[in-house]
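These are the residues of each chain, in order.
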Amino acid sequence: TDTWIFEAGLHSLGGQIPIPLHITTIFLAPGSVVSGGFISIADNQQIRIYGPGILTGAAFPFHSPNFTWSLINLDKGHDHVVSDLVMVDPPQFYLRAYADNMRVDNVKLAAAWTYNSDGIATGMNGRITRSYIRSNDDSLKLYSPGMVITDCVVWQMQNGGVFQLGWWSTSNRSNITVRNIDVIHTEWCLPSNPECHSSSNNAVFDLAGDAVQHVYVEQITLENIRIEGEVFRLIQIGATNDWQAQGQVSSIVLRNITLQSPKTGALEPGGGPGVVYQNWLIDHVRVNGDCVNSWEALGVSVPTGGQVRNASFLCG
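Residues numbered from 1 in each chain as written. Predicted model: local features only at pLDDT ≥ 70, side-chain atom pairs only at ≥ 80, totals over all residues. Heavy atoms only, no water.

S.K.: Could you clarify how one ought to interpret the overall build of the protein in this entry?
M.R.: Within the protein one finds zero helices and 27 strands. Computed over the C-alpha atoms, the radius of gyration of the protein is 20 Å, within 12% of the 20 Å expected from 2.2 N^0.38 for a compact globule of 316 residues. Taken along the three principal axes of its C-alpha coordinates, the protein extends 65 × 40 × 35 Å. Expressed as a percentage of its 316 residues, the buried residues of the protein come to 55%. Looking at the protein alone, contacts between residues at least 24 apart form 63% of all its contacts between residues at least 6 apart. (Helix = DSSP H or I, 4+ residues; strand = E, 2+ residues; numbered from the N terminus. Rg over C-alpha atoms; globule rule 2.2 N^0.38 Å. Buried < 20%, exposed > 50% of the residue type's maximum accessible area, 1.4 Å probe, protein only. Contact = heavy atoms within 4.5 Å.)

As structure tokens, then:
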């Protein structure tokens, strides 16, 4: 047979298990709880994993050596589908799938009690739809060209960014669309932490800048984003001076976004000639109900040496 079926009841895998080449379908039936995870092993695999059962990492320690990165790892292969599944208590990431043409639909990610419990990453032309992500690190990783993310709900816990553009010395990101997202909580600022958790990766739209040297980000659209509650940062593009960062962040569209007053945010200039921010469109972004017409109204500081060019604010 080409299918693994986990019927109702508890199934203990002992960790993340390789998916053999002859297996193309994994079904977690109603009432099933599978303790462990799955990993693809070859570039020619095409796998469907679906529920409505539960996949859990609760029995394993933080950063368990029994897992490579995530509960489900589909870096190898192509055109995989993960759908209608509940994933809880990951020892690290929930779903890492850098295979091209990945499809993620109607998954629910919950119980992210440790940091480094990142949400979802896909390869080129990935699609993430109709999903719920409660993450205590970067929730949705905008790492691969052609990604489209729609109709999702995010509960961002104290660590990480909602939409993360990257961590590495070089960040190349292009042609990514995110639309119709409800961010129901951002927990960077809690009553127990009045100073706020303010790492460089804490923002709705973020590029973690501690190691960024070369930045090439373009054609990113975020539209119809509703953010509830207090927001520490809407935007943080961290091209730090310490690394003499250079490059450009261009053709960025932020459209129909609503939020309460953000506390802070920044477009970092980088070093030397620095990073150029050009052709940004801020289209009907509303803070406390008012359409903003300046970076200041968004709580975003910008470099003053000419690095910001052709930024447009639309209202009315």
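S.K.: What's the story with the side chain of Gln236 in this structure? I'm lost.
M.R.: Inspection of the secondary structure assignment puts Gln236 in strand 22 (residues 233–237). Within the structure, the side chain of Gln236 is placed 3.3 Å from the side chain of Arg233, a separation counted as a polar contact. When sequence neighbours within four positions are dropped, the list of residues in contact with Gln236 reads Ser200, Ala203, Phe205, Asp206, Leu207, Gly265, Ala266 and Glu268. (Polar contact = N/O pair within 3.5 Å; in protein donor to acceptor, adjacent residues only side chain to side chain.)

S.K.: Quick question: what am I supposed to make of the nonpolar core here?
M.R.: Across soluble globular proteins, you tend to see nonpolar side chains buried next to one another. Ranked by size, the top nonpolar core spans 78 residues in total, and within it Ile235 and Trp280 carry the most contacts. Excluding its chain neighbours within four sequence positions, the residues that come into contact with Trp280 are Phe205, Ile235, Ile237, Val249, Ile252, Leu254, Leu267, Trp295, Asn310, Ala311 and Ser312. (Core = buried A, V, L, I, M, F, W, Y, C linked by side-chain atoms within 4.5 Å.)

S.K.: I would appreciate a short explanation of the pattern of salt bridges in the present structure.
M.R.: A side chain with one charge may pair with a side chain of the opposite charge, provided their charged atoms come close. Enumeration according to the criterion identifies eight salt bridges in this entry. Linking Arg96 and Asp75 is a salt bridge whose minimum nitrogen-to-oxygen distance equals 2.7 Å. Residue Arg96 is located in strand 10 (residues 93–97), and its partner Asp75 is located in the loop between strand 7 (70–73) and strand 8 (81–83); the two are separated by 21 residues in the primary sequence. The closest approach of N and O atoms between Asp138 and Lys141, which form a salt bridge, is 3.8 Å. Neither residue differs from the other here; Asp138 and Lys141 are each classed as buried. Overlapping salt bridges, with partners in common, bring together Arg179, Glu223, Arg255 and Asp283 in one network. (Salt bridge = Lys/Arg side-chain N within 4 Å of Asp/Glu carboxyl O.)

S.K.: What's the story with the state of the cysteines in this structure? I'm lost.
M.R.: Each disulfide consists of one covalent bond between the sulfur atoms belonging to two cysteines. For the coordinates displayed, the defined rule picks out one disulfide. Two residues, Cys291 and Cys315, share a disulfide whose sulfurs are 2.1 Å apart. Between Cys291 and Cys315, the disulfide has an S-S torsion of -90° and is therefore left-handed. Linking Cys291 in strand 26 (residues 290–291) with Cys315 in the segment after strand 27 (308–314), this pair joins segments that are 24 residues apart in sequence. Residue class for Cys315 comes out partly exposed when judged on its relative accessible area of 38%. (Disulfide = S-S within 2.5 Å.)

S.K.: Just checking my understanding: could you explain the packing of aromatic side chains for this structure?
M.R.: Any aromatic ring pair is given by two values, namely how distant the centres are and how the planes are angled relative to each other. By the definition in use, this model includes 10 aromatic pairs. Measuring from ring centre to ring centre gives 5.4 Å for Trp295 and Phe313, while their planes differ by 85°; the resulting arrangement is edge-to-face. Remark: Phe313 occurs in strand 27 and Trp295 occurs in the loop between strand 26 and strand 27; sequence separation between them is 18 residues. Chaining the aromatic ring pairs together yields one cluster made of Phe205, Tyr277, Trp280, Trp295 and Phe313. Note that Arg48 overlies the ring of Tyr50, its terminal NZ or CZ placed 3.6 Å from the centroid. (Phe/Tyr/Trp six-rings, centres within 6.5 Å; stacked < 30°, edge-to-face > 60°. Lys NZ or Arg CZ within 6 Å of the ring centre and 35° of its normal.)

S.K.: Please clarify how unusual backbone geometry should be interpreted in this entry.
M.R.: Keep in mind that most residues, glycine aside, have a negative phi and that most peptide bonds are trans. The backbone phi angle of Asn101 is positive, close to 60°, even though this residue is not glycine. Here Asn101 shows up in the loop between strand 10 and strand 11 (103–105). The class for Asn101 is partly exposed, based on a relative accessible area of 24%. Not every positive phi belongs to a glycine, and Asn256 is a case in point at roughly 55°. As for its placement among the helices and strands, Asn256 is situated in strand 23 (residues 246–259). You can call Asn256 partly exposed: its relative accessible area is 35%.

S.K.: Would you explain the pairing of strand 15 (residues 132–135) in this entry?
M.R.: On a regular strand, one side chain projects to one face of the sheet and the next to the other, so that they alternate. In the sheet, strand 12 (residues 108–110) pairs with strand 15 via two bridges, with the strands oriented parallel. In the sheet register, Leu109 faces strand 15, and the bridge partner there is Ile133. Strand direction decides the pairing type here: strand 15 and strand 17 (residues 148–156), joined by four bridges, are parallel. Pairing of Arg134 across the sheet is with Trp155, part of strand 17. (Pairing = 2+ DSSP bridges.)

S.K.: Please explain the environment of Leu21 as it appears in this structure.
M.R.: If you trace the backbone, Leu21 turns up in the loop between strand 2 (9–18) and strand 3 (25–28). Exposure remark for Leu21: the relative accessible area of 54% places this residue in the exposed category. The spacing of Leu21 and Gly51 is 30 residues in sequence and 21 Å in space, taken between C-alpha atoms. Sequence-distant contacts of Leu21, defined by excluding residues within four places in its chain, comprise Ile41, Ala42, Asn44 and Gln45.

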